[in-house]
Amino acid sequence: TLREVPDDGSETALLARAVAYHRTPDPQGALRTVDRLIALRPNDAYYHELKGQILFEGGAAAQAIPSYRQAAALAPEEPLILGSLGQALLALDRPDATTQAQRVLTEAVRRDRYNASAWRWLAQAERRLGNRVAASLAAAEHQVMTGEDEVAARFAGQVQEASPTGSSAWLRAGDILSEIERREALEE
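Residues numbered from 1 in each chain as written. Predicted model: local features only at pLDDT ≥ 70, side-chain atom pairs only at ≥ 80, totals over all residues. Heavy atoms only, no water.

Colleague: Which residues make up the overall build of the protein chain, and what are the values?
Modeller: Broken down by element type, the protein chain carries 10 helices and 0 strands. Ordered by position in the sequence, the α and β elements of the protein chain form the string α-α-α-α-α-α-α-α-α-α. The principal-axis extent of the C-alpha atoms belonging to the protein chain is close to 60 × 40 × 25 Å. Out of the 188 residues belonging to the protein chain, those deemed buried represent 45%. Of the contacts made within the protein chain by residues no fewer than 6 positions apart, 43% connect residues no fewer than 24 positions apart. As displayed, the protein chain offers around 10000 Å² of accessible surface, 50% of which is attributable to carbon and sulfur atoms. The centroid of the 21 positive side-chain charges in the protein chain is displaced by 6 Å from the centroid of its 27 negative side-chain charges. (Helix = DSSP H or I, 4+ residues; strand = E, 2+ residues; numbered from the N terminus. Buried < 20%, exposed > 50% of the residue type's maximum accessible area, 1.4 Å probe, protein only. Contact = heavy atoms within 4.5 Å. Areas by Shrake-Rupley, 256 points an atom, 1.4 Å probe, with all protein chains shown as cover. Lys, Arg positive; Asp, Glu negative; His and termini not counted. Charge placed at Lys NZ, Arg CZ, Asp CG, Glu CD.)

See below:
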């Protein structure tokens, strides 16, 4: 890409080159190039998200968070951006950041309940915060989405054992167990 795409300053070329630098890896080249994109379109949530991704995947979670926050502010309805912000907050491994991650990831899965990665990160946040039932429920959601039905059933069973009968967590765990049973019946 770096050989084929001219560095002509066009938005398309800058985007292609930013990703290519990131994959090379040349994080400084990627950051310089994505900053040029942001200068062209400062209100583009996805350019801020790309900068956050470059920083996060380069091992700079704390530096990625402002970019992810800016992206989330520009696109508050976008669950994938919220998920990325939550993951970066979780990577800080601090109680205050974990609390923030839990809130952000709860919103991400509310907006897209099929985001398996966000469920996994939410389970981690809930576990760190000591919310055993919420952690098990989020883990069950993640596992059932990734086809790990045996593990999902174990987590869902833990939720039902620890939750009052008829509570929302108990009912959702029952839904997960029913889905697993449905899948097993289809396999027979």
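Text resumes after the structure shown.
Colleague: How would you explain the packing of aromatic side chains if you had to name every residue and give the values?
Modeller: Evaluated as defined, the whole model comprises 0 aromatic pairs. Residue placement shows R113 over the ring face of Y114; its charged tip is 5.0 Å from the ring centre. Cation over ring: R154 sits above F155, and NZ or CZ is 5.0 Å from the ring centre. (Phe/Tyr/Trp six-rings, centres within 6.5 Å; stacked < 30°, edge-to-face > 60°. Lys NZ or Arg CZ within 6 Å of the ring centre and 35° of its normal.)

Colleague: Describe unusual backbone geometry, naming the residues involved and giving the relevant values.
Modeller: Here the residue pair T24 and P25 is connected by a cis peptide bond, since its omega of -5° sits within 30 degrees of zero. Of note, P25 is situated in the loop between α1 (11-23) and α2 (27-40). Located in the positive-phi region is D93, a residue other than glycine, with phi close to 55°. Relative to the assigned elements, D93 resides in the loop between α5 (79-91) and α6 (95-111). A relative accessible area of 54% places D93 in the exposed class.

Colleague: Break down the packing of helix α8 (residues 132-145) against helix α9 (residues 149-162) for me, with residues and values.
Modeller: Contact geometry for α8 and α9: axes closest at 8 Å, N-to-C directions at 155°. As the angle between them shows, α8 and α9 are arranged roughly antiparallel. Between α8 and α9 lies a crossing of left-handed hand. Touching R132, V133, S136, L137, A139, A140, Q143 and V144 of α8 are D149, V151, A152, F155, A156, Q158, V159 and A162, all from α9. By residue class, the composition of the contact of α8 with α9 is 11 nonpolar, 3 polar and 2 charged. (Axes fitted to C-alpha atoms, helices over the stretch in contact; angles between N-to-C directions. Parallel < 35°, antiparallel > 145°, perpendicular 65-115°, else oblique. Left-handed = near helix turned anticlockwise from the far one by under 90°. Nonpolar A, V, L, I, M, F, W, Y, C, P; charged D, E, K, R; others polar.)

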